[in-house]
Amino acid sequence: PLFTTLSDGSVSNGYTFKILNKKHEDRTFAISVKGINGMTLKLVGAETIATSADNPVVSVRPDRLQSFRLVLNAPPGVMKSDSEDIYFLLEDINTESIATYDSIFRGPKQ
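Model, not experiment: these values are computed from the prediction. (Residues numbered from 1 in each chain as written. Predicted model: local features only at pLDDT ≥ 70, side-chain atom pairs only at ≥ 80, totals over all residues. Heavy atoms only, no water.)

Asker: Is there a simple way to think about the overall build of the protein chain in this case?
Answerer: Summing up its helical and strand segments, the protein chain has 0 helices and 9 strands in all. Seen along its three principal axes, the alpha-carbon backbone of the protein chain occupies a region of about 50 × 25 × 20 Å. For the protein chain, with 110 residues in total, the buried portion stands at 34%. Sequence separation of 24 or more characterises 70% of the internal contacts of the protein chain that already satisfy a separation of 6 or more. Computing the positive centroid from 12 side-chain charges and the negative centroid from 13, the protein chain places the two 6 Å apart. (Helix = DSSP H or I, 4+ residues; strand = E, 2+ residues; numbered from the N terminus. Buried < 20%, exposed > 50% of the residue type's maximum accessible area, 1.4 Å probe, protein only. Contact = heavy atoms within 4.5 Å. Lys, Arg positive; Asp, Glu negative; His and termini not counted. Charge placed at Lys NZ, Arg CZ, Asp CG, Glu CD.)

Asker: Got a minute to help me understand the pattern of salt bridges in this structure?
Answerer: Opposite charge on two side chains makes pairing possible when the charged atoms of those side chains draw close. For the structure shown, the criterion picks out 1 salt bridge. Its salt-bridge partner being Asp92, residue Arg27 comes within 2.8 Å of it at the nearest N-O pair. One end of the pair, Arg27, is in strand S3 (residues 27-34); the other, Asp92, is in strand S8 (residues 83-92), with 65 residues separating them in the sequence. Each member of the pair, Arg27 as well as Asp92, is classed as buried. (Salt bridge = Lys/Arg side-chain N within 4 Å of Asp/Glu carboxyl O.)

Asker: Honestly, the environment of Thr40 in this entry has me stumped. Any pointers?
Answerer: You can see Thr40 is positioned in strand S4 (residues 40-44). By relative accessible area, which is 43% here, Thr40 ends up partly exposed. Between the C-alpha atom of Thr40 and that of Asp54, which follows or precedes it by 14 residues, the distance is 8.6 Å. With residues up to four places along the chain from it excluded, the contact list for Thr40 reads Val71, Leu72 and Asn73.

Asker: What is the right way to read the nonpolar core from this model?
Answerer: The nonpolar side chains of a soluble globular protein tend to be buried with one another. Counting residues in hydrophobic clusters, the biggest one holds 22 residues, and the most contacted among them are Ile19, Ile31, Leu70, Leu72, Ile86, Phe88 and Phe105. Sorting the residues of this core by element identifies strand S2 (11-21), S3, S4, strand S6 (55-60), strand S7 (64-74) and S8 as the ones contributing at least two each. Phe88 has contacts with Tyr15, Phe17, Ser32, Val33, Leu70, Leu72, Ala99, Thr100, Tyr101 and Ser103, leaving out every residue within four places of it along the chain. (Core = buried A, V, L, I, M, F, W, Y, C linked by side-chain atoms within 4.5 Å.)

Asker: Hey, could you run me through unusual backbone geometry in this one?
Answerer: The phi torsion of most residues other than glycine is negative, and most of the peptide bonds are trans. With a phi close to 55°, Asp63 is a non-glycine residue in the positive phi region. Mapped onto the secondary structure, Asp63 falls in the loop between S6 and S7. Phi at Glu96 is positive, roughly 65°, even though this residue is not glycine. Its place among the elements puts Glu96 in the loop between S8 and strand S9 (98-106). Its relative accessible area of 59% is what places Glu96 among the exposed residues.

Asker: Can you walk me through the packing of aromatic side chains in this structure?
Answerer: Here the distance between the centres and the angle between the planes together describe a pair of aromatic rings. One pass over the full model with this rule turns up 3 aromatic pairs. When the centroid spacing of 5.2 Å and the interplanar angle of 75° are considered together, the rings of Tyr15 and Phe88 count as edge-to-face. Highlighted residues: Tyr15 in strand S2 and Phe88 in strand S8, separated in sequence by 73 residues. Look at Tyr15 and you get buried, because its relative accessible area is 11%. Relative to Phe88, the ring of Phe17 has its centre 5.4 Å away and its plane inclined at 50°; by these criteria the two rings are tilted. With Phe17 in strand S2 and Phe88 in strand S8, this residue pair connects regions lying 71 residues apart in the sequence. An aromatic cluster is defined as three or more aromatic residues linked by ring pairs; in this entry it consists of Tyr15, Phe17, Phe88 and Tyr101. (Phe/Tyr/Trp six-rings, centres within 6.5 Å; stacked < 30°, edge-to-face > 60°.)

Function cannot be read off these values alone, since they describe shape.
Written out as C-alpha cells, the structure reads:
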C-alpha cells in the first residue's frame, strides 16, 4: 500500500533508501527527514552503529550499494493533503557533507 493508517490515527509510509559508496573506504552516514512536523524515522531490518539526534547512523562498505528500509510516521492531524513533500538528508559523518533527496509522503484524502 502507499500508506497505512495506524490505530492512533497516525500515518505510516515505507521507503527503500539506497546509498552508493564509491570510495575505497568504509563511510558512515546519518539519515534524517524533514517536511512534516512531528514526523519520526525508523530504520528497519538493518543494524545502526549509532543514533544521532534520534536519526539512524549507518555504515556502508567500500565500493558497495547498500539498501536500507525506512519507515516514516506522521502524527494524526498534521497532514494538510493526501500527499506532502518531504526530503531525506544524508550526512557523511566524517566530511559533514550533506545530500538531499526529494520525495513524497502519502496519506488519506483530506
